[in-house]
Amino acid sequence: MKKVVFSGVQPTGKLTLGNYLGAIRNWGQFQDDYECIYCVVDLHSITVKRVPAELRRQTYETLALYIACGIDPQKSILFVQSHVPAHAELTWVLNTITYVGEMNRMTQFKDKSSKHADNINMGLMDYPVLMASDILLYKTDLVPIGADQKQHLEIARDIAIRFNAQYSDTFTVPDGYIPKVGAKIMSLQQPTQKMSKSDENEKASIYLLDDADAIVRKFRSAVTDSDGEVRFDEVNKPGISNLLGIYSLLSDKTIDEAEIEFANCGYSVFKDAVADAVIQKLAPIQAEQKRLLDDKDYLTEIMRQGAEKANCLARKTLSKVYRKVGFIQL
Ligand code: TRP
């Protein structure tokens, strides 16, 4: 039996270089050795206000991106969360063993509450429990995530352990997989903050659908420092360090090699080189994503097949959970 990998991305806003380097790019490598399950988490995405037509479009875009990034629907299960009702159903049960205090302490909840102060809804607070359901339904062993999701993964583990203790062994306790470099791509304008798809400043993020001009422009205006040396030092030179990280990931060179390559070169040459590496990497992905989006029927068929496979696995776990908590099975 292969071990299970599960991960997901929200179909919100425009996906960024951070989503790609920190998450989706790493997913393909597991496909041969693991049973991989990759989800477009649309239920999560309505915890902030969404325009329905946009959500629908971005769900297709996210799925197309998964495939364009090398996730093969023949090898991995690709599906949309709302197509598998067990996610919402398991969340209800897990809610009853999760404490309000724990959810209140979640960094992302506090963050989003302050950003959307007019819409601090129950779903926003419950977000980590839904994420735990995603993971636990499939007996997941490994969860590749960006560094910002570490706290949510911890909660998923706590919930699994707690359920197992209370109702006997049911869930696999998952491990996180957080890549060392690339886990956190920072904003180009405020390099001490994560590059976020919900950032209002367009210049802060590279979007996966940005054209070459936009990419060059954004890197040229990236915030750096004034000492003029291309050197990795996250504390004193967060901007340059972020650019070095991006360059290193895209060129498959180490940070040390990149530092040597750009020693004595000046920031503007360096920034253009980073932009160029990004453009070279994104161009084929963008072309493939666009090609896929022109064939909605194909994407819908992938969703349908993925939903069927995921449903089958998820139902089994849910029915075990229902039995354990004392619900009558007909
Ligand atoms: N919360 C994750 C994010 O915003 C997305 C997500 C939802 C997820 N469910 C998941 C990631 C399960 C890994 C596993 O990035």
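1. Notes on the environment of V269
And then number 1: Along the chain, V269 turns up in helix α12 (residues 267–293).
And then number 2: The exposure class assigned to V269 is partly exposed, which follows from its relative accessible area of 43%.
And then number 3: Counting along the chain gives 49 residues from V269 to R220, while the straight-line C-alpha distance between them is 9.5 Å.

2. Considerations on unusual backbone geometry
And then number 1: Residues other than glycine seldom take positive phi values, yet S168 does so here, at roughly 80°.
And then number 2: Positionally, S168 belongs in the loop between α8 (150–167) and β5 (175–177).
And then number 3: Given the relative accessible area of 39%, S168 is considered partly exposed.

3. Points about the packing of aromatic side chains
And then number 1: Under the defined criterion, the tally for this structure stands at 12 aromatic pairs.
And then number 2: Between the aromatic rings of F30 and Y34, the centroid separation amounts to 5.6 Å while the plane-to-plane angle is 85°, which identifies the pairing as edge-to-face.
And then number 3: Judged by its relative accessible area of 5%, F30 is buried.
And then number 4: Ring geometry for Y247 against F262: centres 5.0 Å apart, planes inclined by 85°, an arrangement best described as edge-to-face. Of the two residues, Y247 sits in helix α10 (residues 238–251) while F262 sits in the loop between α11 (255–261) and α12, which places them 15 residues apart along the sequence.
And then number 5: Since its relative accessible area comes to 5%, F262 is described here as buried.
And then number 6: Taken together, the ring pairs in this structure connect F6, F79 and Y138 into an aromatic cluster.

4. Quick look at the site of the ligand
And then number 1: Residues in contact with the ligand amount to 13 residues; listed here are only the nearest, H44, Y127, M131, D134 and Q149.
And then number 2: In this structure, a nitrogen atom belonging to the ligand sits 2.6 Å away from a side-chain N or O atom of Y127.
And then number 3: Taking Q149, its side chain carries an N or O atom lying 2.9 Å from a nitrogen atom of the ligand.
And then number 4: Burial of the ligand by the protein amounts to 91% of the accessible area it has alone, namely 370 Å².

5. Points about the domain arrangement of the chain
And then number 1: For the chain, the domain assignment lists domain 1 (4–178 + 296–325) and domain 2 (202–290).
And then number 2: The contact between domain 1 and domain 2 buries some 1300 Å² in all, and 72% of this surface belongs to carbon and sulfur atoms.
And then number 3: Across the domain 1-domain 2 interface, the total number found is 0 salt bridges.
And then number 4: Counting the contacts that link domain 1 with domain 2 gives 4 residue pairs in polar contact (both at pLDDT 80 or more).
And then number 5: When contributions to the side of domain 1 that touches domain 2 are tallied by element, the ones reaching two or more residues are α1 (17–27) and α3 (52–68).

6. Things to note about the nonpolar core
And then number 1: Formed by 57 residues in total, the largest nonpolar core has its most connected members in L17 and F219.
And then number 2: Element by element, the count of residues in this core is highest for α12, at 10 residues.
And then number 3: Counting the residues that make up this core, at least three belong to each of domain 1 (4–178 + 296–325) and domain 2 (202–290).
And then number 4: When sequence neighbours within four positions are dropped, the list of residues in contact with L17 reads G22, M195, I206, L208, F219, I246, V278 and L282.
And then number 5: One finds F6, V48, V84 and F109 within the second-largest nonpolar core, a separate group that totals 39 residues.

7. Description of the state of the cysteines
And then number 1: A complete count under the given rule lists 0 disulfides for this structure.
And then number 2: With no disulfide of its own, C39 lies 14 Å from the sulfur of C36, the closest cysteine sulfur.
And then number 3: According to the relative accessible area criterion, C39 is buried, its value standing at 0%.
And then number 4: Counting only cysteine sulfurs, C36 is the nearest neighbor of C69, a cysteine outside any disulfide, at a range of 14 Å.
And then number 5: C69 sits in the buried class, given a relative accessible area of 15%.

8. Points about the environment of S133
And then number 1: Topologically, S133 is positioned in helix α7 (residues 122–136).
And then number 2: The exposure class of S133 is buried, given its relative accessible area of 0%.
And then number 3: Along the sequence, S133 and L90 sit 43 residues apart, while their C-alpha atoms lie 5.9 Å from each other.
And then number 4: Among all residues touching S133, those that are not within four sequence positions of it are H87, L90, T91 and L94.

9. Some words on helix α13 (residues 296–325)
And then number 1: Taking 1.5 Å of rise per residue, the 30 residues of α13 would be expected to cover 44 Å, and the 41 Å separating its terminal C-alpha atoms lies within 8% of that figure.
And then number 2: For α13, every residue scored as buried is listed here: L299, I302, M303, G306, A307, A310, A314, T317, L318 and V321.
And then number 3: Structurally, α13 contributes buried residues whose contacts are with α3, β3 (77–80), α4 (86–95), α7, α8 and α12.
And then number 4: Of the residues one or two after α13, G326 is the one with positive phi, at around 105°.

Calculation notes
Residues numbered from 1 in each chain as written. Predicted model: local features only at pLDDT ≥ 70, side-chain atom pairs only at ≥ 80, totals over all residues. Heavy atoms only, no water. Helix = DSSP H or I, 4+ residues; strand = E, 2+ residues; numbered from the N terminus. Buried < 20%, exposed > 50% of the residue type's maximum accessible area, 1.4 Å probe, protein only. Phe/Tyr/Trp six-rings, centres within 6.5 Å; stacked < 30°, edge-to-face > 60°. Near = heavy atom within 4 Å. Polar contact = N/O pair within 3.5 Å; in protein donor to acceptor, adjacent residues only side chain to side chain. Areas by Shrake-Rupley, 256 points an atom, 1.4 Å probe, with all protein chains shown as cover. Domains from an automatic or database assignment. Buried area = accessible area lost by both parts, 1.4 Å probe. Salt bridge = Lys/Arg side-chain N within 4 Å of Asp/Glu carboxyl O. Core = buried A, V, L, I, M, F, W, Y, C linked by side-chain atoms within 4.5 Å. Contact = heavy atoms within 4.5 Å. Disulfide = S-S within 2.5 Å. Expected span 1.5 Å × (residues − 1).

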